[in-house]
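Breakdown of the fold
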Amino acid sequence: MKKILLLSDTHSYIDDHILKHARQADEVWHAGDIGDLRVTDALKKVKPLRGVYGNIDDSEARQEFPLNNRFMCEGVDVWITHIGGYPGRYSPAIREEIRANPPKLFICGHSHILKVMPDKKLGLLHMNPGAIGKHGFHKVRTMLRFTIEGTKIDNLEVIQVDR
């Protein structure tokens, strides 16, 4: 079983609260708009990190992280990208590929809006953890915590922090 902390849109912001939750996970996943790489450096010091770059990220972040990160976690096919859309409204950049070869878990960021929903048509679960950074229009900062055991995604929790 793996305990996952999923976050996005840090926009160069990291604090002890984020790091506390990272320490409780087995892995941390970042869905882009990292900002300063000090954020990911701090996360990597406490737990293994998987991530993607986002639209605000510079060439240094784009060298370290891919645009799309597709991998297996336990028995779950995971695809993380920053700008991905959501069921029924996927981004044109990934629309054909996700229809042709859907993962079991599709993760994106960008919108700063927390959203977890199934795509019954493609048989996948979509997650957007919202934004944990302080830059943006969101009134509440959010992250997601969940477990993956075999092919089961379970124990989903929203971690909410006031701005």
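Scope of this entry: the structure provided in the associated data block. (Residues numbered from 1 in each chain as written. Predicted model: local features only at pLDDT ≥ 70, side-chain atom pairs only at ≥ 80, totals over all residues. Heavy atoms only, no water.)

A short note on the sheet that holds strand β10 (residues 124-129)
Ordered by their spatial adjacency, 5 strands build an open sheet running β4-β5-β8-β10-β9, and the pairing between neighbours is mixed. The open sheet terminates on both sides in strands that have one partner only, identified here as β4 (68-73) and β9 (114-119). Ignoring which end each strand starts from, the neighbouring axes of this sheet average 15° apart. Relative to β10, strand β8 (residues 105-107) runs parallel, the two sharing 3 bridges. Bridge pairing in β10 places L105 opposite L125. (Pairing = 2+ DSSP bridges. Helix = DSSP H or I, 4+ residues; strand = E, 2+ residues; numbered from the N terminus. Axes fitted to C-alpha atoms, helices over the stretch in contact; angles between N-to-C directions.)

Some words on the environment of N69
Mapping N69 onto the fold places it in strand β4. A relative accessible area of 17% places N69 in the buried class. C-alpha separation for the pair N69 and I83, spaced 14 residues apart in sequence, amounts to 12 Å. Setting aside residues no more than four positions away along its own chain, N69 makes contact with R50, G51, V52, V78, W79 and I80. Within the structure, N69 has its side chain in polar contact with the backbone oxygen of G51 (distance 3.3 Å). (Buried < 20%, exposed > 50% of the residue type's maximum accessible area, 1.4 Å probe, protein only. Contact = heavy atoms within 4.5 Å. Polar contact = N/O pair within 3.5 Å; in protein donor to acceptor, adjacent residues only side chain to side chain.)

Some remarks on the pattern of salt bridges
Side chains that differ in charge, positive against negative, can pair when their charged atoms come close. The final tally for this structure, using the stated rule, is 10 salt bridges. In this structure, E27 engages R50 in a salt bridge whose closest nitrogen and oxygen atoms are separated by 3.0 Å. With E27 in strand β2 (residues 27-30) and R50 in strand β3 (residues 49-51), this pair connects stretches of sequence that are 23 residues apart. Among the residues examined, R50 registers a relative accessible area of 26% and is labelled partly exposed. The residue D77 makes a salt bridge to R70 at a minimum N-O spacing of 2.7 Å. Here R70 falls in the partly exposed class, since its relative accessible area comes to 28%. A single salt-bridge network, built from bridges that share partners, covers K2, E27 and R50. (Salt bridge = Lys/Arg side-chain N within 4 Å of Asp/Glu carboxyl O.)

Some details on the packing of aromatic side chains
With the rule as written, the count across this model stands at 4 aromatic pairs. On the basis of an interplanar angle of 80° and a centroid distance of 5.1 Å, the ring pair of W29 and F71 is categorised as edge-to-face. Of this pair, W29 sits in strand β2 while F71 sits in strand β4; the two residues are 42 residues apart in sequence, bridging distant segments of the chain. For the pair Y90 and F106, a centre-to-centre distance of 5.7 Å together with 85° between the ring planes defines the contact as edge-to-face. Within this pair, whereas Y90 is found in strand β7 (residues 89-90), its partner F106 is found in strand β8, the two being separated by 16 residues in sequence. (Phe/Tyr/Trp six-rings, centres within 6.5 Å; stacked < 30°, edge-to-face > 60°.)

Quick look at the packing of helix α1 (residues 16-23) against helix α2 (residues 38-46)
A pair of packed helices is captured by two measures, namely the crossing angle of their axes and the spacing between those axes. Viewed as axis vectors pointing N to C, α1 and α2 meet at an angle of 35°, and their least axial separation amounts to 9 Å. Relative to α2, α1 is oriented so that their crossing is right-handed. Here I18, L19, A22 and R23 of α1 come into contact with α2, specifically with A42, L43 and V46. Of the residues assigned to the contact of α1 with α2, the class counts are 6 nonpolar, no polar and 1 charged. (Left-handed = near helix turned anticlockwise from the far one by under 90°. Nonpolar A, V, L, I, M, F, W, Y, C, P; charged D, E, K, R; others polar.)

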